[in-house]
Amino acid sequence: MEPLRFIAEDGARADPFPLSPEELTRGYREVVRARVFDERALTLQRQGKLSVYPPYKGQEAAQVGAALALDPGDWLVPSYRETAAALACGLSMSQAILYWRADPAGWRYPDDLRVLPFYIPIATQLLHAVGVASAGRYQGEDWVALTFIGDGGSSEGDFHEALNFAAVFQAPMVMVVQNNGWAISVPTEKQMRNPRIADRAAGYGIPGVVVDGNDLAAVWHVTREAVARARAGEGPTLIEAVTYRVGPHTSSDDPGRYRSADAGAAWLARDPVSRLRAALEGLGVWDDAREEALRAEIAEEFAAAVREADAAPEPEPQQIVEQVFETMTPDARAAWEVLRRG
Amino acid sequence: MEPLRFIAEDGARADPFPLSPEELTRGYREVVRARVFDERALTLQRQGKLSVYPPYKGQEAAQVGAALALDPGDWLVPSYRETAAALACGLSMSQAILYWRADPAGWRYPDDLRVLPFYIPIATQLLHAVGVASAGRYQGEDWVALTFIGDGGSSEGDFHEALNFAAVFQAPMVMVVQNNGWAISVPTEKQMRNPRIADRAAGYGIPGVVVDGNDLAAVWHVTREAVARARAGEGPTLIEAVTYRVGPHTSSDDPGRYRSADAGAAWLARDPVSRLRAALEGLGVWDDAREEALRAEIAEEFAAAVREADAAPEPEPQQIVEQVFETMTPDARAAWEVLRRG
Amino acid sequence: MADAPDTRPMTLVQAVNDALDVALSQDPRVLLFGEDVGMGGVFRVSDGLQGKHGEARVFDTPLAEAGIVGYGIGLALAGMRPVAEIQFAGFLYPALDQVLSHLGRYRHRTRGRFTVPMVIRAPYGGGVHTPEQHADSPEAVLTQAPGVKVVIPSDPMRAKGLLLAAIEDPDPVFFLEAIKLYRSVKAEVPSGHYTLELGRARVARAGDAATLVTYGGMVEVCLKAAEVAAREGVELEVIDLETLAPFDAATVMASVEKTGRAVVVYEARKIGGFGAEVAARIAEETVWSLQAPVLRVAGWDAPYPPFSAIEHHYRPDARRVLEAVRKVLAA
Amino acid sequence: MADAPDTRPMTLVQAVNDALDVALSQDPRVLLFGEDVGMGGVFRVSDGLQGKHGEARVFDTPLAEAGIVGYGIGLALAGMRPVAEIQFAGFLYPALDQVLSHLGRYRHRTRGRFTVPMVIRAPYGGGVHTPEQHADSPEAVLTQAPGVKVVIPSDPMRAKGLLLAAIEDPDPVFFLEAIKLYRSVKAEVPSGHYTLELGRARVARAGDAATLVTYGGMVEVCLKAAEVAAREGVELEVIDLETLAPFDAATVMASVEKTGRAVVVYEARKIGGFGAEVAARIAEETVWSLQAPVLRVAGWDAPYPPFSAIEHHYRPDARRVLEAVRKVLAA
Ligand SMILES: Cc1ncc(C[n+]2csc(CCOP(=O)(O)OP(=O)(O)O)c2C)c(N)n1
Ligand SMILES: Cc1ncc(C[n+]2csc(CCOP(=O)(O)OP(=O)(O)O)c2C)c(N)n1
Ligand SMILES: [Mg+2]
Ligand SMILES: [Mg+2]
């Protein structure tokens, strides 16, 4: 299987092309928004204003393209890497900032947002996604669950169990594997013998698709098809989005320890943002003025988000023991009093 | 993929045929030995002389065929179902009886036997098999590890992790999945959407083979090839042996609760023992006299094994706390004294 | 307690079956699943429920414990009330990542936005010559997961009421059923719906000479010991914890303050078992009342033995309990 | 102890690295593997070892903890001396099936025929603002696996000697390294090969007013508390358990018999933590010497908080230890 692609590296569009100019414009907007958030978040982190932060530079199209294929009412079940997908699904920038600040206020998402929190223990989210997907059926809902995992995470047992459960129960779930070439320092070749992760779908009797993860149109298109199949009761799909982790694993990581500085050079030509912009320009629907306006708007969105996040109340020590059970245990109650007194 | 087969249900042999008449005779011997052990063990269990016993009737060829492909020095890493394979690898009948009697004496195999004990927690053995397989390389040994798992067990995360580790490390391991149609009461169709388990091999970048598990010649042949590849450094193979669990799951199980009595009727025509006998007769190397002699010999082997097992010393209570660590902890030592005093 | 006064004699298996039936009947969000659950399960706990409530609500899963628990967590996050069965408690180990990483953390990490109202049932414990690992008692591992309740009933009537309470609880509950008790006792069980409060220990037998603190399959062992002692004029108080987490320390302390002597009885390995927490609490909260060391009668320093002929020497019996009682009385 | 008298100042990370280097150099059966171990690991514990000992002996695995432990068990069964790294102790949960079902049971079930001389290292504990679950302290779960040793060093010199002993031990050893100590202390570490005995607690500071029982990352906290107390003329004895399993009860009891007062300090959640076993032992073996309740200073009844700004309120500090000390002294 070769990765499906609709926008060439120089921005040339395949014909037929699956997205309307409006869709492509909307996609570009979200991709730029994601890029700006990521770059500025990393800066915030360097300034000590975020806790550990996992950047996703280079993977914006893989995340945004998949997220845009969801309808309102659908669910997102992300790993720690998917801030871009969560933003595209409606998580506000201020909430995302507070989340990565590891501030309790950031961890309680709005009640109407069907986005689960970022998952730290690798691959565990996949099984939840299957359950969330199945739960709709019992409630007369036709929601679909979109979940993400990395190439590294595909080695965990949960990956297998989730695909098997999803297939057996024909759960309306779409799993996107962002094959970004690395699990921290371990390149894909050392994680698996057949690096075409989509090949595993056949074993489960479900469709497997491989797509250029740096091509927003391709990701959006295949995910849209997968979501439609899922919603129609035709079961889950495994999508492998081939992309590249341009930056460090997290703000704590130094990739210089394990890969050469130019390992990502080839990626530059495949950057999802510039490629998409070239495609839009090719369509004649984009120019420098629009670009500037968009950038200014997003800069202001981010600045406002920082202000909002900074205005959140100071976390209080006693929050540590809140919300363990609905009703506090006597021990937790006693601890709460101690912590409140300080 | 269609299951590979060399002996038709009526005993007709394919041409070319992979086994010599001597090999076929040896295989028949082991298959009959396995059948006799199984039937008598179940009887012993009903008489209260074994603890819970998992019979393997109908799966003798799948186990014996694979086991015979091993050389001395190779390892067997079985699940609880593989008493036939263990016998074929050199476990004595008396040891097997003591094992299933759950007598401590049965659980200490002879030092020179490269057979691991029967595994109760499903699929956990597969990872050990990969490690055992890899360990030879470091010691200048070219041993191969043969491991077994059921259709049901193929749903566990360990199945996936083991195949991936084996593939990545090119471990000299052969994994035989006995697809016997059932995981206790759950038929294969409810465990997986694509019931061709061998299809999963491609995802791992290793060879996958499906074979008629009731055809000793076919199982022996494909396992022999897989073992040769493994020994030559060409990595692991996944073999799916299609067979049928004719009896109950274990001596505690009543299949009447979940499948009709004639569910196994079709199997009768595919019985690995009678099929093999027909093939031998077709070759002109078998007759009633030989059969009678073989049966008599095995009956005596079993009777002697029972005598030997019955002569084992009574288990002693303090054995409970022996061999937890090489050196007893003070707590275990104290318990040992208490238990010995009774 | 009972809004349904009729009772029927039931085994623990039947009582659990009845509770599941009531829960499935009254709440469409309740789902029941696990390995072999469709045909009734290996202990017949779910007998007849698939036929009555349909394959959509009572169903088999693939053989994968992490899958079962993780799938259930997802169902619960999205509005269902999953009741999962792990075939034997000794086989929940593959699911411990889901238990320790998620089951009890979800409410905490999302500050109450997402919760996991899920029940996980599993038979546990020894005494019936099961194969290796089928007799494990891993409750102490479960009590280490903050945010997870752990409930272990000791008789049919209480099993039904506690299980219904567990299913209706807004938080995740592990519900362990002693295999030894599955069919050994028959007792009157109210029909229809009733619940018993979680988080409360109960005095299973009143006494003043010493306190036996126990739960699950060891309650009958302790009651038997208490009967024997009573014949010698020694009245033992037996506390049945019922809920291990959250732990009802107050009830235990009240008893020990009264008797001044405590023996903690459980069938898991002694070291690190839940009885350690009980004894530690006593040492912390009511040490001044103690007139004797706090003893523990529990499994030896070894795995539950896979060796049938001698396994009964591992699991505490009335004799071992009475030996410890004699020691604390002599102190 | 030391057949090599030269010493060098090292951090705990360097001491562990040095121990691994010595073990790899002297025993060809030793293998080192885990996630990202090849490039030195996320904490640089294995820095330089792949280059020195080759990719066959120091290597990366796929991202799968059950795989890592299960693979190691297989290697050990067949004659190797595997040393596996789990990247953070909070991520060993997927491997708990292998740990609880096999790691410590193999010798027992095969009556000594097969053994698992394997070491599993993992960084654990909080105090350095790691992301969610990276700060877990799951040692008590591990001590529930019979047949598994659990070792937690508290300084560089001891880390090296204990790790070498663990690698040479005929039984499986879990070796947990407090992240907080990784770089915070530098101390003289002998070069070359030496071992320290497993299974022995040590008196880290002698005193007579009360006993602090602790281990790992809490040793420095207790020593600090003891220093503060000493300024007020109160001499606390600090016991560093070092090996939690098998538990050296004798050393603890000797101290508590002397001081009559005990505070158990650990950073895992209080309920069900290993300190419960310590306190329970004291209540069992030396209750008569007690002049105060046995207190525990530990994590609150909640998961280690994923909330950076307030996480330091979870992990015990000298202030909380001293509060408990004041209480036991006042009793
Ligand atoms: C169960 C578990 N094991 C280990 C880790 C530590 N860890 C965090 S991210 C990571 C690599 C993940 O690689 P991949 O799945 O490819 O995702 P990517 O980081 O490339 O997005 C590891 C080993 C973890 N978080 N959870
Ligand atoms: C981890 C684990 N889960 C559940 C069980 C209980 N159990 C024993 S055998 C079995 C079914 C196995 O089916 P399969 O893998 O097809 O093997 P077969 O019994 O057909 O040989 C189950 C569920 C177990 N032993 N271990
Ligand atoms: Mg990756
Ligand atoms: Mg089967």
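Criteria and thresholds
Residues numbered from 1 in each chain as written. Chains lettered and ligands numbered in written order. Predicted model: local features only at pLDDT ≥ 70, side-chain atom pairs only at ≥ 80, totals over all residues. Heavy atoms only, no water. Donors = N, O, S within 2.8 Å, 3.2 Å for Na, K, Ca; no water. Helix = DSSP H or I, 4+ residues; strand = E, 2+ residues; numbered from the N terminus. Near = heavy atom within 4 Å. Polar contact = N/O pair within 3.5 Å; in protein donor to acceptor, adjacent residues only side chain to side chain. Areas by Shrake-Rupley, 256 points an atom, 1.4 Å probe, with all protein chains shown as cover. Nonpolar A, V, L, I, M, F, W, Y, C, P; charged D, E, K, R; others polar. Pairing = 2+ DSSP bridges. Axes fitted to C-alpha atoms, helices over the stretch in contact; angles between N-to-C directions. Parallel < 35°, antiparallel > 145°, perpendicular 65-115°, else oblique. Left-handed = near helix turned anticlockwise from the far one by under 90°. Contact = heavy atoms within 4.5 Å. Buried area = accessible area lost by both parts, 1.4 Å probe. Salt bridge = Lys/Arg side-chain N within 4 Å of Asp/Glu carboxyl O.

1. Let's talk about the coordination of the magnesium ion (ligand 4)
Residues and elements named next belong to chain B. For the magnesium ion (ligand 4), every protein donor is listed as Asp 151 (OD), Asn 180 (OD1) and Trp 182 (O), and the spread of their distances is 2.0 to 2.2 Å. All donors to the magnesium ion (ligand 4) come from one chain, and their sequence spacing reads D-x28-N-x1-W. Taken as a pair, Asp 151 in the loop between strand S2 (145–150) and helix H7 (157–168) and Trp 182 in strand S4 (residues 182–183) lie far apart in primary sequence, 31 residues in all.

2. Side note on the site of ligand 1
Residues in close proximity to ligand 1 total 20 residues, the closest being A:Tyr80, A:Arg81, A:Gly152, A:Gly153 and D:Glu65. Nearby residues around ligand 1 are contributed by chains A and D. Take A:Ile122: an N or O atom from its main chain is 3.1 Å from a nitrogen atom of ligand 1. A:Asp151 is positioned such that a nitrogen or oxygen atom in its side chain is 3.0 Å from an oxygen atom of ligand 1. Considering ligand 1 on its own, with 580 Å² of exposed area, one finds that the protein chains cover 96% of that surface. For the shell around ligand 1, the class distribution of residues is 9 nonpolar, 6 polar and 5 charged.

3. Concerning the sheet that holds strand S4 (residues 81–85) of chain D
All names here are of chain D. On the basis of which strands lie adjacent, the open sheet formed by 7 strands has the order S3-S2-S4-S5-S7-S6-S12 and mixed pairing. In this open sheet, the two edge strands, each paired with only one partner strand, are strand S3 (58–60) and strand S12 (243–245). Recorded for the sheet is a direction-independent mean angle of 20° between the axes of neighbouring strands. Looking at chain direction, strand S6 (residues 149–151) and S12 are connected through 2 bridges and run antiparallel. In the strand pairing of S12, Val 151 is matched with Thr 243.

4. Structural notes on the packing of helix H8 (residues 218–231) of chain C against helix H11 (residues 318–330) of chain C
A pair of packed helices is captured by two measures, namely the crossing angle of their axes and the spacing between those axes. All names here are of chain C. Their axes nearest at 9 Å, the elements H8 and H11 cross at an angle of 60°. When the interaxial angle is binned, H8 and H11 end up oblique. For H8 against H11, the interelement crossing comes out right-handed. Residues Val 221, Lys 224, Ala 225, Val 228 and Ala 229 of H8 lie in contact with H11, whose contacting residues are Ala 318, Val 321 and Leu 322.

5. Looking at the interface of chain B and chain D
Each partner contributes residues to the interface: chain B has 40 residues there, and chain D has 42 residues. With both sides pooled, the region where chain B packs onto chain D buries about 3,400 Å², and carbon together with sulfur makes up 63% of that total. The largest contributions to the chain B side of the interface with chain D come from B:Tyr138, B:Phe165 and B:Phe325, which together make up 20% of the buried area. Our count for the chain B to chain D interface comes out at 3 salt bridges. A salt bridge links B:Glu322 to D:Arg111, with the shortest nitrogen-to-oxygen separation between them at 3.0 Å. Secondary structure elements with two or more residues in the side of chain B that touches chain D: helix H5 (104–107), helix H6 (124–138) and H7 of chain B. Residue contributions to the side of chain B that touches chain D peak at 9 residues, all from H6(B).

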